[in-house]
Amino acid sequence: MAKTAFLLALIFPLAALAETPLSSSHEERLTHLVVQDCGSCHGLKMTGGLGSPITPEALEGRTVDGLQTIILDGIPGTAMPPWRALLTEAEAAWIAAYLLEARE
Ligand code: HEC
């Protein structure tokens, strides 16, 4: 699927950086992925669609670790897919922290 190829092209060059703190351009690309790919199910503002809302409010009380696991492994039996093949642990942790942060 063209979208998957695009995603792979986006993510693969980033994998090498996984063990170092993410650069700001790396963070920008992950932010883009969250809006484009997570947003396709969770809504562009993460307020929910096919997927449940994943705004900071909806995720209140959740931990980076817990969300990182959901992102990497998905939720079996639901439409929430595992992202382990596409995201490193560091990237998933960054996205988890990003989701928990208030933004406009
Ligand atoms: C194909 C659709 C789809 C895509 C793409 C998707 N999700 Fe989900 N996601 C879901 C669904 C559906 C659920 C709710 C599953 C359930 O019923 O518990 C969910 C649940 C979640 C949850 C748990 C929310 C909670 O309240 O426990 C998190 C966190 C999450 N997704 C993050 C993400 C992130 C981050 C991405 C992008 C990397 C993403 N999702 C991409 C469909 C999707």
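A.B. asks: I would appreciate a short explanation of the pattern of salt bridges in the present structure.
C.D. replies: Side-chain pairs of opposite charge can arise whenever the charged atoms involved come near each other. Counted under the stated rule, the structure contains two salt bridges. Of the charged contacts in the structure, one is a salt bridge between R84 and D73, with a shortest N-O distance of 2.8 Å. With R84 in the loop between α3 (64–73) and α4 (89–100) and D73 in helix α3, the pair connects residues that are 11 residues apart, well separated along the chain. Among the residues examined, D73 registers a relative accessible area of 37% and is labelled partly exposed. One salt bridge connects R84 with E89, and the closest N-O pair in it is separated by 3.5 Å. The class for R84 is partly exposed, based on a relative accessible area of 43%. Members of the salt-bridge network, linked through shared partners, are D73, R84 and E89.

A.B. asks: Just to check I follow, could you spell out the site of the ligand for this structure?
C.D. replies: In the vicinity of the ligand lie 20 residues, with C38, C41, H42, R62 and M80 positioned nearest. H42 places a side-chain nitrogen or oxygen 2.8 Å from a nitrogen atom of the ligand. Here R62 contributes a side-chain N or O atom positioned 3.0 Å from an oxygen atom of the ligand. Of all the elements in the fold, those that place two or more residues in the shell around the ligand are α2 (24–42), α3 and α4. In terms of residues, the shell around the ligand owes the most to one element, α2, which gives four residues. For the shell around the ligand, the per-class residue count stands at 14 nonpolar, four polar and two charged.

A.B. asks: Whenever I open this one, the coordination of the iron atom of the ligand confuses me. Can you help?
C.D. replies: For a metal bound by four donors in tetrahedral geometry, the ideal donor-metal-donor angle is 109.5 degrees, whereas six donors in octahedral geometry ideally sit at 90 or 180 degrees. Summarising the metal site, the iron atom of the ligand is bound by the protein donors H42 (NE2) and M80 (SD), whose distances to it range over 2.0 to 2.2 Å. Metal-centred angles of 88 to 179° between the six donor atoms at the iron atom of the ligand mark the site as octahedral. With a gap of 38 residues between them, H42 in helix α2 and M80 in the loop between α3 and α4 connect regions that are remote in the sequence. We classify H42 as buried; its relative accessible area is 11%.

Criteria and cut-off values
Residues numbered from 1 in each chain as written. Predicted model: local features only at pLDDT ≥ 70, side-chain atom pairs only at ≥ 80, totals over all residues. Heavy atoms only, no water. Salt bridge = Lys/Arg side-chain N within 4 Å of Asp/Glu carboxyl O. Helix = DSSP H or I, 4+ residues; strand = E, 2+ residues; numbered from the N terminus. Buried < 20%, exposed > 50% of the residue type's maximum accessible area, 1.4 Å probe, protein only. Near = heavy atom within 4 Å. Polar contact = N/O pair within 3.5 Å; in protein donor to acceptor, adjacent residues only side chain to side chain. Nonpolar A, V, L, I, M, F, W, Y, C, P; charged D, E, K, R; others polar. Donors = N, O, S within 2.8 Å, 3.2 Å for Na, K, Ca; no water. Tetrahedral: all angles 85-135°; square planar, octahedral: opposite > 155°, others 65-115°.

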